[in-house]
Amino acid sequence: LATRIYRERSRGGHNIAAVLNHVFYGGERAGVPQRLWDGIHEAEWKIDHIGRNALGELVGWALPDDFPPRNSRTSKALRSLGHDVAI
C-alpha cells in the first residue's frame, strides 16, 4: 500500500511528498487546518487512500507542539523521542 500511495498523484499532479509539504509547511502555522482540509477534500491535493485519520495523525507527528497527536499510541512514541506532548 505504501508503494502504491507513493506513486499516486492528486488531480493537480502532486505526489504524497508534495501534499505533506503543503499541509505541514505550505504557509502560516495557523493555516494548517485549512491545508489539512485541502489534503482531504480538494482534488488539487487529495490522494486516494489518504483520508482524514491518516493525514490528521501525520500532522500530529510532524507538528506535535502546535497540533498534539490524536491518540495515546502516538503520544507515547513522541514522548520516547523527547517531545513533551499530551493528548
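Quick note: structure is the one above.
In this text the structure is predicted, and so the values were computed from the model without any measurement. (Residues numbered from 1 in each chain as written. Predicted model: local features only at pLDDT ≥ 70, side-chain atom pairs only at ≥ 80, totals over all residues. Heavy atoms only, no water.)

Caption draft 1: Spatial organisation of the environment of Trp37. With respect to the helices and strands, Trp37 occurs in helix 3 (residues 32–41). Accessibility expressed as a relative area gives 45% for Trp37, which makes it partly exposed. C-alpha of Trp37 to C-alpha of Arg9: the two residues are 28 residues apart in sequence and 17 Å apart in space. (Helix = DSSP H or I, 4+ residues; strand = E, 2+ residues; numbered from the N terminus. Buried < 20%, exposed > 50% of the residue type's maximum accessible area, 1.4 Å probe, protein only.)

Caption draft 2: Expanded view of helix 3. All of the buried residues along helix 3 are Val32, Arg35, Leu36, Asp38, Gly39 and Ile40. The secondary structure elements touched by the buried residues of helix 3 are helix 2 (16–25) and helix 4 (52–62). (Contact = heavy atoms within 4.5 Å.)

Caption draft 3: Main features of the packing of aromatic side chains. Here the structure, examined in full by the defined rule, presents 1 aromatic pair. On the numbers, 5.7 Å between centres and 80 degrees between planes, the contact of Phe24 with Tyr25 is edge-to-face. When its relative accessible area of 9% is taken as the criterion, Phe24 is described as buried. (Phe/Tyr/Trp six-rings, centres within 6.5 Å; stacked < 30°, edge-to-face > 60°.)

Caption draft 4: How the structure looks around the packing of helix 2 against helix 4. Packing of helix 2 against helix 4 leaves a shortest axis separation of 11 Å and a crossing angle of 60 degrees. Looking at the two axes, helix 2 sits oblique to helix 4. Note on packing geometry: the crossing formed by helix 2 with helix 4 is right-handed. On helix 4, the residues touching Leu20, Val23, Phe24 and Tyr25 of helix 2 are Leu55, Leu58, Val59 and Ala62. A per-class count over the contact of helix 2 with helix 4 returns 8 nonpolar, no polar and no charged. (Axes fitted to C-alpha atoms, helices over the stretch in contact; angles between N-to-C directions. Parallel < 35°, antiparallel > 145°, perpendicular 65-115°, else oblique. Left-handed = near helix turned anticlockwise from the far one by under 90°. Nonpolar A, V, L, I, M, F, W, Y, C, P; charged D, E, K, R; others polar.)

Caption draft 5: Region of interest: the pattern of salt bridges. A complete count under the given rule lists 2 salt bridges for this structure. One salt bridge in this structure joins Arg4 and Glu8, with 3.5 Å as the shortest N-O distance. On the basis of relative accessibility, which here comes to 47%, the residue Arg4 falls in the partly exposed class. (Salt bridge = Lys/Arg side-chain N within 4 Å of Asp/Glu carboxyl O.)

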